[in-house]
Amino acid sequence: MIFGRSERGKSPVEPVTLKILVAGGFGVGKTTCVGAVSEIKPLRTEEMLTEAGRPVDDISGVEGKHTTTVAMDFGRITLREDLVLYLFGTPGQDRFWFLWDELATGALGAVVLADTRRLEDCFAAVDYFERRSIPFVIGVNCFDAATRYPAETVREALDLDPHVPVVLCDARERESVKDVLVAVVRHAMTQAAERRHSVTT
């Protein structure tokens, strides 16, 4: 746009905006994931971990973690001129799960980040989205110290339906996270098309 006029006579594109959740267990990389791709300064609601929280915050495997998300992370990424994703990172600890229902309202789909060293930590997120029929993909965050397993091995360990995508990623790398988000959008669109087809047949 130049002085209120569209460039070369083109009509301005009104982008479609979609809401994507980034979920998973405590310390799995949700804040890092949102920050890696956000084209705006991410909104973060982090607080320092304290001694008082040690009985309820299991930091086994993430001993170097010093902060935790207490409400949400928020970021934005433009995938195409006509497609913008709003990213909402969920808090990982049980005591903040009451926020999930608010965050999930209107979501197209979700990324469930998984750490193969603590795979059981993402069970609750998988169950949450399955019960609410919210399309999701598993993003296996390949930590430097973690053993890497094939996607199908992770699928079997999580007892996932065959249609749920499992993508290996690095939550620190923009292009890697972008690939996971594209997988979420494609999966959600496929699910929506299948639902429409089943209604009309």
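Residues numbered from 1 in each chain as written. Predicted model: local features only at pLDDT ≥ 70, side-chain atom pairs only at ≥ 80, totals over all residues. Heavy atoms only, no water.

On to the overall build of the protein. Secondary structure assignment for the protein yields 5 helices and 7 strands. In sequence order, the secondary structure elements of the protein are arranged as β-α-β-β-β-α-β-α-β-α-β-α. Classification of the 201 residues of the protein by burial places 45% in the buried group. For the protein, the share of sequence-separated contacts (at least 6 apart) that also reach a separation of at least 24 residues comes to 72%. When the accessible surface of the protein is totalled, it reaches about 11200 Å², and 53% of it is carbon and sulfur. (Helix = DSSP H or I, 4+ residues; strand = E, 2+ residues; numbered from the N terminus. Buried < 20%, exposed > 50% of the residue type's maximum accessible area, 1.4 Å probe, protein only. Contact = heavy atoms within 4.5 Å. Areas by Shrake-Rupley, 256 points an atom, 1.4 Å probe, with all protein chains shown as cover.)

Scored by pLDDT, the protein comes out at a mean of 84, with 78% of its residues at no less than 70. Contacts for the low-pLDDT stretch residues 1-6, under 50 throughout, to residues beyond four places or in other chains number 5 contacts. Segment residues 48-55: pLDDT under 50, and 10 contacts once partners within four positions in sequence are set aside and those in other chains are kept. (pLDDT = per-residue confidence, 0-100.)

Once that is clear, we can look at the packing of aromatic side chains. The tally for this structure, following the rule as stated, stands at 6 aromatic pairs. Judged by centre distance (5.8 Å) and plane angle (25°), the ring pair of Phe74 and Tyr86 falls under stacked. Here the residue Phe74 occupies a position in strand 3 (residues 67-80), and Tyr86 occupies one in strand 4 (residues 83-89), the gap between them amounting to 12 residues. We classify Tyr86 as partly exposed; its relative accessible area is 29%. One residue, Lys19, lies across the ring of Phe88, its end atom 4.9 Å from the ring centre. Cation over ring: Arg117 sits above Phe143, and NZ or CZ is 4.6 Å from the ring centre. (Phe/Tyr/Trp six-rings, centres within 6.5 Å; stacked < 30°, edge-to-face > 60°. Lys NZ or Arg CZ within 6 Å of the ring centre and 35° of its normal.)

Of all 6 residues in strand 5 (residues 109-114), 6 are buried; the element is thus mostly enclosed. Alternating residues of strand 5 divide into Gly109, Val111 and Leu113 and Ala110, Val112 and Ala114, and every residue in both groups is buried. Bridge analysis of strand 1 (residues 16-24) against strand 5 gives 5 bridges, and the strand direction is parallel. For Gly24, the partnering residue across the bridge sits in strand 5 and is Leu113. (Pairing = 2+ DSSP bridges.)

Contact pair helix 1 (residues 30-37) / helix 5 (residues 174-200): the axes reach a minimum separation of 8 Å and the direction vectors enclose 100°. It follows from the interaxial angle that helix 1 and helix 5 lie roughly perpendicular. Two secondary-structure elements touch here, helix 1 through Cys33, Ala36 and Val37 and helix 5 through Arg174, Val177, Lys178 and Leu181. (Axes fitted to C-alpha atoms, helices over the stretch in contact; angles between N-to-C directions. Parallel < 35°, antiparallel > 145°, perpendicular 65-115°, else oblique.)

So, about the nonpolar core. Membership of the largest hydrophobic core comes to 26 residues, with the highest contact counts inside it found for Leu21, Val112, Phe129, Phe136, Ile138, Leu158 and Leu160. Within the residue set of this core, elements represented by two or more residues are strand 1, helix 2 (100-104), strand 5, helix 3 (123-131), strand 6 (136-141) and helix 4 (151-158). Among the elements that make up this core, the one with the highest residue count is helix 3 (4 residues). Excluding its chain neighbours within four sequence positions, the residues that come into contact with Ile138 are Val112, Ala114, Val126, Leu158, Leu160, Pro165, Val166 and Val167. Counting residues in each nonpolar core, the second largest holds 24 residues, with Leu113, Val167, Val180 and Val185 among its members. (Core = buried A, V, L, I, M, F, W, Y, C linked by side-chain atoms within 4.5 Å.)

Applying the stated criterion across every chain yields a total of 10 salt bridges. Across the salt bridge formed by Arg76 and Glu39, the nearest N and O atoms sit 3.0 Å from each other. Taken as a pair, Arg76 in strand 3 and Glu39 in the loop between helix 1 and strand 2 (43-48) lie far apart in primary sequence, 37 residues in all. Across the pair Arg172 and Asp144 runs a salt bridge whose closest N-O atoms are separated by 3.2 Å. Here the residue Arg172 occupies a position in the loop between strand 7 (166-169) and helix 5, and Asp144 occupies one in the loop between strand 6 and helix 4, the gap between them amounting to 28 residues. A residue is classified by how much of its surface remains accessible, and Arg172, at 48% relative accessible area, is partly exposed. (Salt bridge = Lys/Arg side-chain N within 4 Å of Asp/Glu carboxyl O.)

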